[in-house]
Amino acid sequence: MSSLILLLAFSLQSQAMPMAPVSHSSNVQKTSFDETNQRFHGIFDITMHLRALTKKYYEYSDECNRLTEKNFATVGGVLPTAEKAIESQPGAFYLDLYVYCLRDGLSSALGDYAMSENFSFILGEDAVSFAKRVIKTINPFAADFTIEKEFLSTSLSSVEEQELREIAERSITHVVGPREVWQAAGLVGEAAVIRPAPITEEDLLSTVIKQARSESKNVRDFIVNVMVYVRVATLRF
Amino acid sequence: MIQAQKAFIKIHHRLLWGNLPSPSEWTDFFKYAKDHDCKDVECMIPFFDNAVKSYTSTDTFRTWLTVKVDELFYLKPQVAPNESDQNGGTSVNGSPKLRGEAFDLLVDSIVSDNRPWKDLYLSQTYQFLDPNVRQKWGVENPIGLSLGHALGPANGSLVTVSYDGHPNVSGVWSTNRFLLRFWDTELNSGRKRAAQFFRIMFCDDMKPSIERKNQDQLENLLAVGVTQEQFQGLHQNGGQPINRHASQADCRMCHQRLDPAAWTFRGVRVGLASKPSSGQLVYYDVDGQLQKQDVANLHALNEAATATERYKSCQVDHFIQWVIGYDALISQKRKYEFIEKFEALEERPADFIRYLVTTPEFFTGQSAGLVTPPSLVKARGVFQNCNECHSSFPFGKNPYLAKDTILKIVSKLDMPHNFKNRKMPPATHWWSPEQEDLEAIRQWVSEGAPRDTGEPLLNQDDVKTSLGVAP
């Protein structure tokens, strides 16, 4: 999933780029600073997106919420203590960091630390009753007060296909909106940013499920991977 | 209605940090569309207008706009340190109101209170931490060259100080963050700061055409007009370098504007001088004519600048880039309408942004009827190789000198003589155009060197001369 997300993201960059110059040197970046910087603010981007997608998450990854010696070359900035501007172009691996940090933040948002704040916020107002329905068919004796935790830690192999589709749809709805807007968001239709283009909403769900399933062990991973996938896909605006 | 949905997504993407509408916002969207039987994006404009009005009072929007201003000034976007961060790191926590420098608080005030945009450059009133807190954290001489940071909570501890009538106090130009970012030396003597003034106020980006490698070194050599050995010798012997660069013909193009403005920045060279430093505002107006106006001090420089059409056009360009996009294509007629609106709204940023997101240009990215000529698309691809040293070829950063820029390009490429004695790019440069690259440029020139709007910049006589044909 992560490599596919990166392929998707770099494809987005090249689609929106101005005509690339003919270059005989690897020194010339093919993306203008302004054009890239308009879409990627760097560390701020990551944090502001996570703030919108979650009610609470634990920022234990230092490189994801501040410029550090480890990430500044990637992000394209200069260390805070140097007091210089971000004049250089965002590094070539910025999207790598972005995907890593988004996944990291969303995982923590659905982790024990912040689960109660985020469960219904992310999966919908009726998420708890939906989760009960799913869990009770797997484990009829599951306690109500641990439903959210049980649901998120359930192995994907235990979840039925139709339920998986519903989980994926709820995740996409949280990031992008209801399925009526998926075409406008560039996720569905012949002009979709994803290739091969999912023509219908059901096609999108199938595509996303197939990709997310391959890199997820449990429902939590699956939800996170779906959200990251569509978030990256909709960065192009 | 797909276009209306895309427009709603774009509003969020541009103004709310790339985050898309929430499910409840989509519910409101569809309800409005159903209640008003909307079939197209125009019908949804009142909905968008109302939505944006509420968005402009959110912290996310304010953070977005303050970061845009930071980036405009080539400053690292700054939020005050987290309480747990004792080392001055810039973790992204806390609202913009916790930013503590005079620059930050001025920008925050303009964004939060929707003050006229020109206050950014003209304001002589600043907020600072309460004196007791200032003393504790070592912030002295608040808007001069103090190195203090406003650590600690700012709630309820801000004081407002007025410097009305001070000759060297003018908006962000007199603040710590700007002055430290663009430092002053005996060599640049205020020109570095003046260059930012022109870039930000007039979108007049004066870059020396020097290859980036060893730029600092080459700039110094140009400045003193000596070889590298002589330059080192001068410093070893304690000699003072003489600035000859500014008098060289090609360099006069910028320095005739840069230097007179730089004189007014002498008043902020070391702290805030109480005495004024006079200068001139020299600039190309919207008709491409050079204008000169004497100014008594730094504040007067800004008062003169903010009264010009160039200033208004440039500030509108900033907003167009931030809201509509860097690749927006706006016709000249619509640009004038935008400028009129900017003035009518008293340059208030939130109001102007609200206006911009309801224009057709926001929905489509360009003014109606515009199509970028294919020859320009091809030529531009070639010119991108030139922009490593030059600025925004082929039109240059100064839109009012675009024709001059193009004719200079034609001359340097020796186009009238079929590129025979081409001088650009330099023979030592890593990139050299292929024949098809040169033909792409020639084709574009033969069509009158049209802009993205289709408007040709060269008349028929210019075209014939450029192609080596008798007019």
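Since the model is a prediction, treat every value here as computed from it, not as a measurement. (Residues numbered from 1 in each chain as written. Chains lettered and ligands numbered in written order. Predicted model: local features only at pLDDT ≥ 70, side-chain atom pairs only at ≥ 80, totals over all residues. Heavy atoms only, no water.)

## Things to note about the overall build of chain A
Then, in step 1: Along the backbone of chain A there are eleven helices and zero strands.
Then, in step 2: In chain A, the order of α-helices and β-strands from amino to carboxyl end is α-α-α-α-α-α-α-α-α-α-α.
Then, in step 3: Residue burial in chain A is summarised as follows: out of 237 residues, 55% are buried.
Then, in step 4: Summed over its atoms, the accessible surface of chain A is roughly 10400 Å², and 52% of this surface lies on carbon and sulfur atoms. (Helix = DSSP H or I, 4+ residues; strand = E, 2+ residues; numbered from the N terminus. Buried < 20%, exposed > 50% of the residue type's maximum accessible area, 1.4 Å probe, protein only. Areas by Shrake-Rupley, 256 points an atom, 1.4 Å probe, with all protein chains shown as cover.)

## Overview of the overall build of chain B
Then, in step 1: Secondary structure assignment for chain B yields 21 helices and four strands.
Then, in step 2: Sequence-distant contacts in chain B: of pairs separated by 6 or more residues, those separated by 24 or more amount to 64%.
Then, in step 3: Total accessible area computed for chain B in this model is approximately 21000 Å², and 50% of it derives from carbon and sulfur atoms. (Contact = heavy atoms within 4.5 Å.)

## Observations concerning the nonpolar core
Then, in step 1: Grouped together as the largest cluster of nonpolar side chains are 150 residues, with contacts concentrated most on A:Phe151, A:Leu187, B:Phe48, B:Phe73, B:Tyr121 and B:Trp173.
Then, in step 2: Of all the elements, helix H11 (residues 219-233) of chain A adds the most residues to this core, at eleven residues.
Then, in step 3: Dropping the residues within four chain positions of it, B:Trp173 is found in contact with B:Phe73, B:Tyr121, B:Phe178, B:Leu179, B:Gln196, B:Phe197, B:Ile200, B:Met201, B:Phe265, B:Leu298 and B:Asn302.
Then, in step 4: With 24 residues, the next largest nonpolar core counts B:Leu376, B:Cys386, B:Leu458 and B:Val463 among its residues. (Core = buried A, V, L, I, M, F, W, Y, C linked by side-chain atoms within 4.5 Å.)

## Here's the deal with unusual backbone geometry
Then, in step 1: Cis peptide bonds are those with omega within 30 degrees of zero, and the linkage from A:Arg195 to A:Pro196 qualifies with -5°.
Then, in step 2: Positionally, A:Pro196 belongs in the loop between helix H9 (161-175) and helix H10 (201-214).
Then, in step 3: Put simply, B:Met424 and B:Pro425 share a cis peptide bond, and its omega is -10°.
Then, in step 4: Looking at the element boundaries, B:Pro425 is found in the loop between helix H19 (402-412) and helix H20 (435-446).
Then, in step 5: We note that B:Asp37 has phi near 50°; this positive angle belongs to a residue other than glycine.
Then, in step 6: At B:Glu347, a position not held by glycine, the phi torsion is positive, near 60°.
Then, in step 7: With respect to the helices and strands, the residue B:Glu347 is situated in the loop between helix H15 (332-344) and helix H16 (349-356).
Then, in step 8: A relative accessible area of 4% places B:Glu347 in the buried class.

## Re the packing of helix H18 (residues 374-383) of chain B against H20(B)
Residue and element names in this part refer to chain B.
Then, in step 1: One way to put it is that H18 packs onto H20 with a least axis distance of 8 Å and a crossing angle of 135°. Comparing their axes, H20 and H18 come out oblique. H20 is crossed by H18, and the crossing has left-handed handedness. Residues Ser 375, Leu 376, Lys 378, Ala 379, Val 382 and Phe 383 of H18 form the contact with H20, whose own contacting residues are Asp 437, Ala 440, Ile 441, Gln 443 and Trp 444.
Then, in step 2: Among the residues making up the contact of H18 with H20, the classes are represented as seven nonpolar, two polar and two charged. (Axes fitted to C-alpha atoms, helices over the stretch in contact; angles between N-to-C directions. Parallel < 35°, antiparallel > 145°, perpendicular 65-115°, else oblique. Left-handed = near helix turned anticlockwise from the far one by under 90°. Nonpolar A, V, L, I, M, F, W, Y, C, P; charged D, E, K, R; others polar.)

## Re the state of the cysteines
All names here are of chain B.
Then, in step 1: Counted according to the given criterion, the structure contains two disulfides over all chains.
Then, in step 2: Put simply, Cys 38 and Cys 43 are joined by a disulfide, and their sulfur atoms are 1.9 Å apart. Residues Cys 38 and Cys 43 are joined by a disulfide whose S-S torsion is about -65°; by sign, that bridge is left-handed.
Then, in step 3: A relative accessible area of 7% means that Cys 38 is categorised as buried.
Then, in step 4: Between the sulfur of Cys 203 and that of Cys 314 lies a disulfide, 2.0 Å long from S to S. (Disulfide = S-S within 2.5 Å.)

## Brief notes about the confidence of the model for chain A
All names here are of chain A.
Then, in step 1: Looking at chain A, the pLDDT average stands at 76 and 68% of residues meet or exceed 70.
Then, in step 2: Highest mean pLDDT in chain A belongs to H9 (95); lowest belongs to helix H2 (residues 33-39) (43).
Then, in step 3: Low pLDDT (under 50) marks residues 78-92, which in the prediction has 44 contacts with non-local residues, meaning those over four places away or in another chain. (pLDDT = per-residue confidence, 0-100.)

## So, the environment of B:Asn50
Then, in step 1: Its place among the elements puts B:Asn50 in helix H3 (residues 45-55).
Then, in step 2: Taking the C-alpha atoms as reference points, B:Asn50 and B:Asp351, 301 residues apart in sequence, are found 12 Å from one another.

## Side note on the environment of B:Leu272
Residue and element names in this part refer to chain B.
Then, in step 1: With respect to the element layout, Leu 272 can be found in the loop between helix H12 (249-264) and strand E3 (279-284).
Then, in step 2: The exposure class of Leu 272 is partly exposed, given its relative accessible area of 21%.
Then, in step 3: Placed 19 residues apart in sequence, Leu 272 and Gln 291 show a C-alpha to C-alpha distance of 29 Å.

## Considerations on the pairing of E3(B)
Residue and element names in this part refer to chain B.
Then, in step 1: Burial analysis of E3 places five of its six residues in the buried class, the great majority of the element.
Then, in step 2: Relative to strand E4 (residues 290-295), E3 runs antiparallel, the two sharing six bridges. Paired with Val 282 across the strands is Lys 292, a residue of E4.
Then, in step 3: Connecting the antiparallel pair E3 and E4 is a turn made up of five residues, with Gly 288 showing a positive phi of about 80°. (Pairing = 2+ DSSP bridges.)

## Overview of the pattern of salt bridges
Then, in step 1: Summed over all chains, the structure comprises 32 salt bridges over all chains.
Then, in step 2: Salt-bridge contacts for B:Asp462 lead to B:Lys403; the nearest nitrogen and oxygen are separated by 3.0 Å. With B:Asp462 in helix H21 (residues 460-466) and B:Lys403 in helix H19, the pair connects residues that are 59 residues apart, well separated along the chain.
Then, in step 3: For B:Lys403, a relative accessible area of 32% translates into the label partly exposed.
Then, in step 4: A network of salt bridges, in which partner residues are shared, links A:Asp126, A:Arg133, A:Glu166 and A:Arg170. (Salt bridge = Lys/Arg side-chain N within 4 Å of Asp/Glu carboxyl O.)

## Overview of the confidence of the model for chain B
All names here are of chain B.
Then, in step 1: Taken over all residues, the pLDDT of chain B has a mean of 81, while the share at 70 or more is 78%.
Then, in step 2: Every residue in residues 79-98 is under pLDDT 50, and counting partners more than four places away or in other chains gives 40 contacts.
Then, in step 3: Across residues 136-156, where pLDDT falls below 50, the model places 45 contacts with residues more than four positions away in sequence or in other chains.
Then, in step 4: The complex prediction reports pTM at 0.79, with the ipTM value standing at 0.77.

## Looking at the packing of aromatic side chains
Then, in step 1: Here the structure, examined in full by the defined rule, presents 41 aromatic pairs over all chains.
Then, in step 2: Connected via pairs of aromatic rings, a cluster forms that spans B:Phe73, B:Phe103, B:Tyr121, B:Trp173, B:Phe178, B:Phe182, B:Phe197, B:Phe198, B:Phe202, B:Phe265, B:Tyr283 and B:Tyr311.
Then, in step 3: Over the ring of A:Phe130 we find A:Arg170, and its NZ or CZ is 4.4 Å from the ring centre.
Then, in step 4: Seen from the ring of B:Tyr74, B:Arg199 lies directly overhead, with NZ or CZ sitting 3.8 Å from the centre. (Phe/Tyr/Trp six-rings, centres within 6.5 Å; stacked < 30°, edge-to-face > 60°. Lys NZ or Arg CZ within 6 Å of the ring centre and 35° of its normal.)

## Quick word on the environment of A:Glu180
Then, in step 1: By the element assignment, A:Glu180 lies in the loop between H9 and H10.
Then, in step 2: Measuring from C-alpha to C-alpha, the distance between A:Glu180 and A:Glu201 comes to 8.7 Å, with 21 residues separating the pair along the chain.

## Remarks on the side chain of A:Glu163
Residues and elements named next belong to chain A.
Then, in step 1: Examined against the element boundaries, Glu 163 turns out to sit in helix H9.
Then, in step 2: Summary of buried charges: Glu 163 has no salt-bridge partner, and the nearest side chain of opposite charge, Arg 133, is 6.0 Å away.
Then, in step 3: The residues contacting Glu 163, other than those within four sequence positions of it, are Phe 130, Val 134 and Thr 137. (Lys, Arg positive; Asp, Glu negative; His and termini not counted.)

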